[in-house]
Amino acid sequence: QVQLAESGGGLVQPGGSLRLSCAASGSIFNINDMGWYRQAPGKERELVATVTSGGSTNYEDSVKGRFTISRDNGKNTVYLQMNSLKPEDTAVYYCNAQIRTGSGRRMNDWWGRGTQVTVSS
C-alpha cells in the first residue's frame with residue numbers, strides 16, 4: 001500500500017559525507033513526521049533525526065552539528081545530509097514516516113527496508 005525507498009548509503013572514510021534520500025510512494029493521503037533511525041550490530045534501533053510536516057527538526061545528541069534532515073513535501077521525500085562521519089555512525093539506516101493512507105482513518109508508521117552506511121578507514 002505504501003513503500004519507502006531509501007538510497008544514498010555506501011562506504012565512506014571518516015570525515016567524509018553521504019546524503020541519504022527516502023521517497024514515499026503508494027496510496028498516500030498525507031504525511032506527518034518523517035525521520036531516520038539506525039541500527040548497528042548488537043545495538044537497538046535508535047533515533048537519528050526527525051522532521052515534522054512544518055519543518056521542525058530533532059536530532060540525536062551524537063549527530064547534532066554534523067547531520068541535517070530536510071524534506072520535500074511535493075516529492076514525499078526526506079533527506080539526511082551526513083557530514084564529518086565517524087566510525088560510530090556505521091549502521092543500517094532506516095527511513096520512517098507517519099502516513100495516513102487514502103483509505104485509512106489513522107496515521108501509521110511505515111518503514112523502509114534500510115540502507116547500509118559504513119564509515120571506515
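Below, the structure is looked at part by part. Keep in mind it's a predicted model, so treat the numbers as computed, not measured.

Calculation notes
- Residues numbered from 1 in each chain as written.
- Predicted model: local features only at pLDDT ≥ 70, side-chain atom pairs only at ≥ 80, totals over all residues.
- Heavy atoms only, no water.
- Core = buried A, V, L, I, M, F, W, Y, C linked by side-chain atoms within 4.5 Å.
- Buried < 20%, exposed > 50% of the residue type's maximum accessible area, 1.4 Å probe, protein only.
- Helix = DSSP H or I, 4+ residues; strand = E, 2+ residues; numbered from the N terminus.
- Contact = heavy atoms within 4.5 Å.
- Disulfide = S-S within 2.5 Å.
- Salt bridge = Lys/Arg side-chain N within 4 Å of Asp/Glu carboxyl O.
- Phe/Tyr/Trp six-rings, centres within 6.5 Å; stacked < 30°, edge-to-face > 60°.
- Lys NZ or Arg CZ within 6 Å of the ring centre and 35° of its normal.

Considering the nonpolar core
Part 1: Judged by nonpolar contacts, the single largest core of 29 residues is most densely connected at Trp36, Leu80, Met82 and Tyr93.
Part 2: For this core, the secondary structure elements donating two or more residues are strand S1 (2–7), strand S3 (18–26), strand S4 (28–39), strand S5 (46–51), strand S7 (67–72), strand S8 (77–82), strand S9 (91–101) and strand S11 (115–119).
Part 3: Once residues lying within four places of it in the same chain are set aside, the contact partners of Leu80 are Leu18, Arg19, Leu20, Trp36, Val48, Ala49, Phe67, Thr68, Ile69 and Tyr93.

Some details on the state of the cysteines
Part 1: Here the structure, examined in full by the defined rule, presents 1 disulfide.
Part 2: A sulfur-sulfur separation of 2.0 Å characterises the disulfide bridge that pairs Cys22 with Cys95. With the S-S dihedral at roughly -85°, the linkage between Cys22 and Cys95 falls on the left-handed side. Of this pair, Cys22 sits in strand S3 while Cys95 sits in strand S9, and the two are 73 residues apart along the sequence. Grouping residues by exposure puts Cys22 and Cys95 together as buried.

A closer look at the pattern of salt bridges
A side chain of one charge can pair with a side chain of the opposite charge when the charged atoms of the two come close.
Part 1: Applying the stated criterion across every chain, the model contains 4 salt bridges.
Part 2: Among the salt bridges present, the one from Asp89 reaches Arg38, with a minimum N-O distance of 3.0 Å. Note that Asp89 is positioned in the loop between S8 and S9 and Arg38 in strand S4, a separation of 51 residues in sequence. As far as burial versus exposure is concerned, Asp89 and Arg38 are alike and both buried.
Part 3: The salt bridge partner of Lys64 is Asp61, with a shortest N-O separation of 3.0 Å.
Part 4: We classify Asp61 as exposed; its relative accessible area is 57%.
Part 5: Salt bridges linked by common partners bring Arg38, Glu46, Arg66 and Asp89 together as one network.

Notes on the packing of aromatic side chains
Part 1: All told, the structure shown has 1 aromatic pair when counted by the stated rule.
Part 2: Their ring planes at 65° and their centres at 5.1 Å tell us that Tyr37 and Trp111 sit as a pair that is edge-to-face. Residue Tyr37 is located in strand S4, and its partner Trp111 is located in strand S10 (residues 108–111); the two are separated by 74 residues in the primary sequence.
Part 3: Above the plane of the ring of Tyr79 lies Arg19, whose end atom (NZ or CZ) is 4.4 Å from the centre.
Part 4: The aromatic ring of Phe29 is capped on one face by Arg100, whose charged end is 4.8 Å from the ring centroid.

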